[in-house]
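# Observations on the three-dimensional arrangement
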Amino acid sequence: MTRVRYFAAAEEAAGRAEEQRSEATLGALRAALAAEYPGLGGILPRCAVLVDGERRDDEATLADADTVDVLPPFAGG
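Residues numbered from 1 in each chain as written. Predicted model: local features only at pLDDT ≥ 70, side-chain atom pairs only at ≥ 80, totals over all residues. Heavy atoms only, no water.

## Description of the pattern of salt bridges
Applying the stated rule across the entire model yields seven salt bridges. As a salt-bridge pair, D69 and R5 come within 2.6 Å of each other at their nearest N and O atoms. Note that D69 is positioned in strand 5 (residues 67-71) and R5 in strand 1 (residues 2-6), a separation of 64 residues in sequence. R5 sits in the partly exposed class, given a relative accessible area of 25%. Each of the salt bridges in this network shares a partner with another, and the network as a whole consists of E19, R21, E23 and E36. (Salt bridge = Lys/Arg side-chain N within 4 Å of Asp/Glu carboxyl O. Helix = DSSP H or I, 4+ residues; strand = E, 2+ residues; numbered from the N terminus. Buried < 20%, exposed > 50% of the residue type's maximum accessible area, 1.4 Å probe, protein only.)

Encoded structure:
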């Protein structure tokens, strides 16, 4: 299982701070999250999605020890 952590607006949209997921690729995970959490699906394209702290493309495979962070755009100065 892959650990998925949600931050700020992504956490609010998913209704949780983190969860365990079993999707095999990052693309499959993105699609599943958008379908399962419609509010998250609306902001997910603008979110930074990191696998173990690095940006990866949707073809990246996910392993049991991986952590995926979903970070929405942050405003600030």
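So much for the structure itself; the text now carries on.
## What about the side chain of T67?
Among the secondary structure elements, T67 is positioned in strand 5. Apart from residues no more than four positions distant in its own chain, T67 is found in contact with R3, R5, L50, V51 and D52. (Contact = heavy atoms within 4.5 Å.)

Any link to function would need more than the numbers given here.
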